[in-house]
Amino acid sequence: MKKIGVLTSGGDTPGMNAAIRAVVKAGMHYDAEVVGIYKGYYGLIHDLIKPLDGNAVYNIIHRGGTILKSARCDEFKTAEGRVKAFETIDRHNIEGLVVIGGDGTLTGARLLGKEHDLPIIGLPGTIDNDLYGTDYTIGYDTAVNTVVAAVDKIRDTAHSHDRLFIVEVMGRDAGFIALRSGIATGAEKILIPEARTFIEDLYDSLEKGRSHDEGAGIIIVAEGDDFGGAMEVEKKIKKRFPDFDIRVSILGHIQRGGAPSAYDRVLASGLGYQAVKALVEGRRGMMVGSINRKIEFTPFEQTIKYNSPINVELHSIAEILAL
Ligand code: F6P
């Protein structure tokens, strides 16, 4: 393997830069040239490619975002788009790819690899933590810590003003951020898409909560929950408890930015190195992850087909601890 391309695609995550750095340094170790593909798959189609050396990745391990930029690219979802992408790969004599991103990124990688017989290794890069084949995705730990820091501050106001705050966190299809941050902040209720919440149960908990803190509290809602997000939850609660002083706080993209946590830097560094090693050893069509602290390779077919299981027991424990 003489030349490897690396790209970041989909939503950016803290730790992507640490992963890019590891890919470049591992390439140097294995005598493979590494080129950066800018703006994800869009950059493959439109030939946005530059060589990356040690200098290019100097002083980036601690930075959020991605120096390669990222994008969601509809053209790449078509076979014609992927033909154009492969023409660029061919023109640059790129022999293997490392792609860093979430579900959509790995789906694209699977198709490109199969249709054009190209070795590709994926790295799990999404704050949502919803990829099968790894315990943690790159960026998840940082995002959870960002949410915890924000909710701790919100709780000060909730307590001082006897207010109920409904805090919406990211997770289009998954409740990992909501569950973990909800437990860490002692949230009174956590609403996630993986466990259905019955509205009467929610009212019951709020009724109980009213007695010990006059209705003050925190409800964490994953954006993909059954009710349709924090605003909808607020409407329902307001109807049932008109006397509650309720505020909604949608944390949004602050969860995707900022310096990666030590955990994310270490995870990204290890997986970035493993991805290059895997390509050099002739592996392809797989995502590299970490399960029970061991490096595991999972075929793209499986990472795409299966959902990462959420810890439902932890959700029940959260309910008990919130009483
Ligand atoms: O997939 C990561 C994620 O942050 C989701 O949690 C969120 O729904 C989505 O990206 C937001 O995407 P965009 O930044 O394109 O609006």
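So, here is what we can say about the structure in this document. Residue numbers here run from 1 along each chain, matching the order of that chain's written sequence. Given that the model is predicted, a residue must reach a pLDDT of at least 70 before its local features are reported, and side-chain atom pairs must reach 80 or more before they are shown or counted; all residues, however, enter totals for whole chains, interfaces and linings. Hydrogens and water are ignored here; the side-chain numbers use all heavy atoms of the structure.

1. Observations concerning the overall build of the protein chain
Stage number 1. When its secondary structure is counted, the protein chain shows 11 helices and 11 strands.
Stage number 2. Here the globule rule is a power law, 2.2 Å times the number of residues to the power 0.38, and the radius of gyration is based on C-alpha atoms. Here the protein chain has a C-alpha radius of gyration of 21 Å; the compact-globule value for 323 residues is 20 Å, and the two agree.
Stage number 3. With the C-alpha coordinates aligned to their principal axes, the bounding extent of the protein chain is approximately 70 × 35 × 35 Å.
Stage number 4. Relative to its full complement of 323 residues, the protein chain shows a buried share of 53%.
Stage number 5. Across the protein chain, the fraction of contacts at a sequence separation of at least 24, relative to all contacts at a separation of at least 6, is 76%.
Stage number 6. Here the protein chain has roughly 14,500 Å² of accessible surface; of this, 50% comes from carbon and sulfur atoms.
Stage number 7. Averaging the locations of the 38 positively and 44 negatively charged side chains of the protein chain gives two centres separated by 4 Å. Secondary structure elements are taken from DSSP: a helix is a run of H or I of four residues or more, a strand is a run of E of two residues or more, and numbering for both begins at the N terminus. Exposed residues in this analysis have more than 50% of their type's maximum accessible area, buried residues have under 20%, and partly exposed residues fall in between, with area computed by a 1.4 Å probe over protein chains only. We call two residues in contact when some of their heavy atoms are within 4.5 Å. Surface accessibility in these figures is a Shrake-Rupley result with a 1.4 Å probe; residues are shielded only by whichever protein chains are displayed. Counting rule for charge: Lys and Arg are taken as positive, Asp and Glu as negative, and neither His nor the chain ends is counted. Working definition for charges: the position is that of NZ of Lys, CZ of Arg, CG of Asp or CD of Glu.

2. Re the packing of aromatic side chains
Stage number 1. Pairing of aromatic rings covers Phe, Tyr and Trp, the last counted by its six-membered ring, and requires centre-to-centre distances within 6.5 Å; plane angles under 30 degrees mean stacked, over 60 mean edge-to-face, and any other angle means tilted. Under the criterion given, the structure shown has 7 aromatic pairs.
Stage number 2. With a centroid separation of 3.8 Å and an interplanar angle of 0°, the aromatic rings of Tyr41 and Phe76 are classed as stacked. Here Phe76 lies in the loop between strand E3 (49-52) and helix H3 (79-91) and Tyr41 lies in helix H2 (residues 40-45), a separation of 35 residues in the sequence. Both residues of the pair, Tyr41 and Phe76, count as buried.
Stage number 3. Ring centres 4.6 Å apart and planes at 15° place the aromatic pair Phe241 and Phe244 in the stacked group. The pair formed by Phe241 and Phe244 is uniform in burial state, with each residue classed as buried.
Stage number 4. Ring pairing ties together the aromatic residues Tyr136, Tyr140 and Tyr263, which thus form one cluster.
Stage number 5. Each ring is checked for a lysine NZ or an arginine CZ that lies within 6 Å of its centre and within 35 degrees of its normal; such an atom marks a charge sitting over the ring. Lying over the aromatic face of Phe241, Arg240 brings its terminal NZ or CZ to 5.0 Å of the ring centre.
Stage number 6. If you follow Arg283 out to its NZ or CZ, it ends over the ring of Phe297, 4.1 Å from the centre.

3. Considerations on helix H11 (residues 312-322)
Stage number 1. Where H11 is concerned, the buried positions are His315, Ala318 and Ala322. For H11, the buried positions fall inside an angular range of 55° around the axis, keeping them on one side. Exposed and facing more than 90 degrees away from the buried side of H11 are Glu313, Ile320 and Leu321.
Stage number 2. Tucked inside the fold, the buried residues of H11 contact helix H6 (176-184) and strand E7 (189-191).
Stage number 3. Near the N-terminus of H11, the side chain that reaches the backbone nitrogen of Glu313, with its oxygen 3.2 Å away, is that of Asn311. To obtain the arc, one takes the directions from the helix axis to the C-beta atoms. Under the rule applied, a polar contact is a pair of N or O atoms within 3.5 Å (in protein, one hydrogen donor and one hydrogen acceptor; residues adjacent in sequence only if both atoms are side-chain atoms).

4. A closer look at the layout of surface pockets
Stage number 1. With a 1 Å grid spanning the protein atoms alone, the term cavity applies to any set of points in which a 1.4 Å probe fits but cannot get out, the term pocket to an open set with protein on both sides within 12 Å along at least five of seven lines, and the term lining residue to any residue with an atom within 4 Å of a point. Grid points are joined across faces, edges and corners, and a volume is the space filled by probe spheres set on the points. Roughly 790 Å³ of internal volume is contained in the largest pocket.
Stage number 2. Looking at the largest pocket, it is lined by 39 residues, and the ones nearest its centre are Arg72, Gly102, Asp103, Gly104 and Arg172.
Stage number 3. Those elements that place two or more of their residues in the lining of the largest pocket are helix H4 (103-116) and helix H10 (300-305).
Stage number 4. Here the lining of the largest pocket takes 6 residues from H4, the largest share from any one element.
Stage number 5. An automatic or database domain assignment supplies the start and end points of every domain. Taken domain by domain, the makeup of the lining of the largest pocket includes at least three residues from each of domain 1 (3-139 + 260-305) and domain 2 (142-256).
Stage number 6. What lines the second largest pocket is a set of 21 residues, among which Glu188, Ser205, Leu206, Gly209 and Ala322 lie closest to the centre.
Stage number 7. Every element with two or more residues in the lining of the second largest pocket is listed here: helix H5 (140-161), helix H7 (199-213) and H11.
Stage number 8. Here the lining of the second largest pocket gets 9 residues from one element, more than from any other, and that element is H7.

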